[in-house]
Amino acid sequence: MTGTLERPRRTASRSTPARERTRSSEGRNGRILTYVSMSILAVFFLFPLVFMFVSSLKPDAQILRDIDSPAAFLPTGDISLDNYFGVFDRVPVGQFLFNSILVTVLTVGLGLIVNSLAGFALSRLRWKGRVVVLALIIATLIVPFETIAVPMVYWVNQLPTLVMEGGVLKYDFGWLNTYQVQIVPFIANAFSIFLFAQYFSTIPPSLDEAARIDGASWFTIYRRIIVPLSGPAFATVAILTFLPAWNQYLWPLMVVQKENLRPVMVGMQYFFQLNTAWGEVMAYTSLITLPVLIVFLVFQRAFVSSIAASGVKG
Amino acid sequence: MTVSPPVAAAKQPRRSLRRIRSSRGRETWAGLAMMAPAGLLLLLFLIVPVLLAFTLSFTNARLISPNPPRFVGLDNFFRAFTADPVFLQSALNTFLFALVVVPVQAGLGLLLAILVNQRLRGTTFFRVVFFIPVVTSIVVVSILWRFMYQSDGLINSMIDTVTFGALKGADWLNDPTTALGAIIVLSIWQAVGFHMIIWLAGLQTIPEELYEAARMDGASRWHQFAHVTWPGLRPTMVFVLVTITIAALGLFVQVDVMTQGGPLNSTTTVVYHAVRKGYEQQEIGYAAAISLLFFVAVLVIALIQRWLTREKN
């Protein structure tokens, strides 16, 4: 995978002089045309989000008044954070954010451990049944979550679980309305296992052979040799699983009715009961978009190469 | 392969054989142990639900019911195609959605990729901008556009301004003739950046030498595209088309947030219908049958992909 991630960049930089030459032969006009079209497109891609952030700062009446003018995109007039305070009064945002962060961190973190171990077992160990398991995992890549979502509700509703009742630990059935139902089914991920296995198989086998001679256990080899060498693979998997975990909607909608367990995306529903207060809606959507947007802008290079890797592999 | 010191192997063949065998045994145990957590989870939350989807679709199972599920044969499938006009409408809408979204999104994605693949200052900035909607949750995007699509919303006031009042916008989401189109536009807007990146990765695997050779032969930019770029993008194209198709067939969130399938079922989709039947109306058996039909469609597309990519090799 390093190959696929790094090679394009290298090719591109090697090609710089050649491309630059074509460009200069075509003159400035082509370049200006490119910039103009990219800028127009950039406006098209940004205007809804700018509108969202700007509107979150305005009272409802002004949002509607500004809609007919460029002021819709400018933080002008009666600007305040009132909508944000309003959101905190109306919805348990803190709880929702906590739930989403907890679910995302655990899903991604446990997923990195579980899937990298499986990828290691599949790519660097020879054991009976390995080929069958690998084939099965690749075959499951094509099952979209939507096909199993409804049967899965039925299924998790029958699974055993532990509950605390009056200080006594008992067991009961049904995972509905728990944290685990939002996390456990999404830890193992066939695509992550596949990406790890691909990456691990590019690391020279002589490394583990040497370690074996020194008496290292397979787990030690995984922990001390493979993991430290596989930063890019871990970053890729973390990014590719972070977004769906944070953005989960259909699943929690069906399995979590308890308000104090719901994630931010489902929390949206609280706004659409009586009269929709759009200013507060915009404040809420801004609030749950900003963290992801900041993470993305900071790590944008890693994001882009992760997505590219997922496509080149597919 | 297992390792044993060569010197020891020469001197003590029997011992080293045992060592190899036991080390291979340990390798098997290590392999199984490291595979176990993921294997167990995939079994419980992927394989079992797939098998359940399959078996439940032949029963009349309900989400919460005192009666155990009863086998009903192919009743659910007959019902979908003969006695459930909403399902047929859903299938048609889903098909229409995919029919527009697949070529338009793939084409725009390629156009953007070519645009930002040039060695110009600032292209990274534009890549990031075009990608921002992808990292924005589709739930947030749907709510935002729902507001913009209102009859007195941002879209209509923009249409009004741009055409100096000559054109009047519609009540996009409340009009059966425009609702699906409105959802199509926002869906393309949201995901096109993702496919731009995939195309970009494909573009960058094409060796620059090929372009140099083509230029030496005096090929125009269009000829370079037709004879170097496009053939080189073939595997990427198959991947992009298949991922967009599968994603398009799974359309759910936009509908749930924006229209709830309305007006007059003009935006209901297969997955939305399955969720409504299975979850809201608790008819798990029937919903499983619809999910299975959706899965068959996805499977067919995946097989086409295998076939298309195999043909080349």
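Cut-off values and rules
- Residues numbered from 1 in each chain as written.
- Chains lettered and ligands numbered in written order.
- Predicted model: local features only at pLDDT ≥ 70, side-chain atom pairs only at ≥ 80, totals over all residues.
- Heavy atoms only, no water.
- Domains from an automatic or database assignment.
- Buried area = accessible area lost by both parts, 1.4 Å probe.
- Salt bridge = Lys/Arg side-chain N within 4 Å of Asp/Glu carboxyl O.
- Patch = residues over 30% accessible without salt bridge, like charges linked within 9 Å, V, L, I, M, F, W, Y side chains within 5 Å.
- Areas by Shrake-Rupley, 256 points an atom, 1.4 Å probe, with all protein chains shown as cover.
- Helix = DSSP H or I, 4+ residues; strand = E, 2+ residues; numbered from the N terminus.
- Buried < 20%, exposed > 50% of the residue type's maximum accessible area, 1.4 Å probe, protein only.
- Polar contact = N/O pair within 3.5 Å; in protein donor to acceptor, adjacent residues only side chain to side chain.
- Contact = heavy atoms within 4.5 Å.
- Phe/Tyr/Trp six-rings, centres within 6.5 Å; stacked < 30°, edge-to-face > 60°.
- pLDDT = per-residue confidence, 0-100.

Focus on the domain arrangement of chain A
All names here are of chain A.
- Once the domains are mapped, chain A shows domain 1 (32-79) and domain 2 (98-311).
- Taken over C-alpha atoms, the centre of domain 1 sits 35 Å from the centre of domain 2.
- Of the roughly 650 Å² buried where domain 1 meets domain 2, counting both sides, 75% is carbon and sulfur surface.
- Put simply, domain 1 and domain 2 have 0 salt bridges between them.

Structural notes on a nonpolar patch on the surface
- Together, B:Leu92, B:Phe95, B:Leu96, B:Leu99, B:Val100, B:Val104, B:Leu108 and B:Leu111 give the surface a local cluster of nonpolar side chains, amounting to about 690 Å² of exposed area.
- Positionally, B:Leu92 belongs in helix H4 (residues 85-116).

A word on the pattern of salt bridges
All names here are of chain A.
- In this structure the tally under the stated criterion is 5 salt bridges over all chains.
- Between Arg-124 and Asp-208 there is a salt bridge, with the nearest N and O atoms lying 2.7 Å from each other. Of this pair, Arg-124 sits in helix H5 (residues 93-124) while Asp-208 sits in helix H10 (residues 206-213), and the two are 84 residues apart along the sequence. Take Arg-124 and Asp-208: they sit in the same class, and that class is buried.

Observations concerning the side chain of A:Ser55
Residue and element names in this part refer to chain A.
- Its location among the elements puts Ser-55 in helix H2 (residues 28-55).
- According to the relative accessible area criterion, Ser-55 is buried, its value standing at 1%.
- Separated by 2.7 Å, the side chain of Ser-55 and the backbone oxygen of Phe-51 make a polar contact.
- Discounting residues that sit within four places of it in the chain, Ser-55 has contacts with Ile-63, Asn-83, Gly-279 and Met-282.

Some thoughts on the packing of aromatic side chains
- Counted under the stated rule, the structure contains 35 aromatic pairs over all chains.
- A centroid spacing of 6.5 Å and a plane angle of 55 degrees characterise the contact between A:Phe47 and B:Trp145, whose relative ring orientation is tilted. Of this pair, A:Phe47 sits in helix H2 while B:Trp145 sits in helix H6 (residues 138-148), each in a different chain. With respect to class, A:Phe47 is no different from B:Trp145; both count as buried.

Observations regarding the confidence of the model for chain B
All names here are of chain B.
- Mean pLDDT over chain B: 87, with 91% of residues reaching 70 or higher.
- Element-level pLDDT for chain B is lowest in helix H1 (residues 6-11), with a mean of 44, against a maximum mean of 95 in H4.
- Note that residues 1-13 has pLDDT below 50 and, in this model, 11 contacts with residues that lie over four places away or in other chains.
- Interface predicted TM-score (ipTM) for the complex: 0.85; the corresponding pTM is 0.86.

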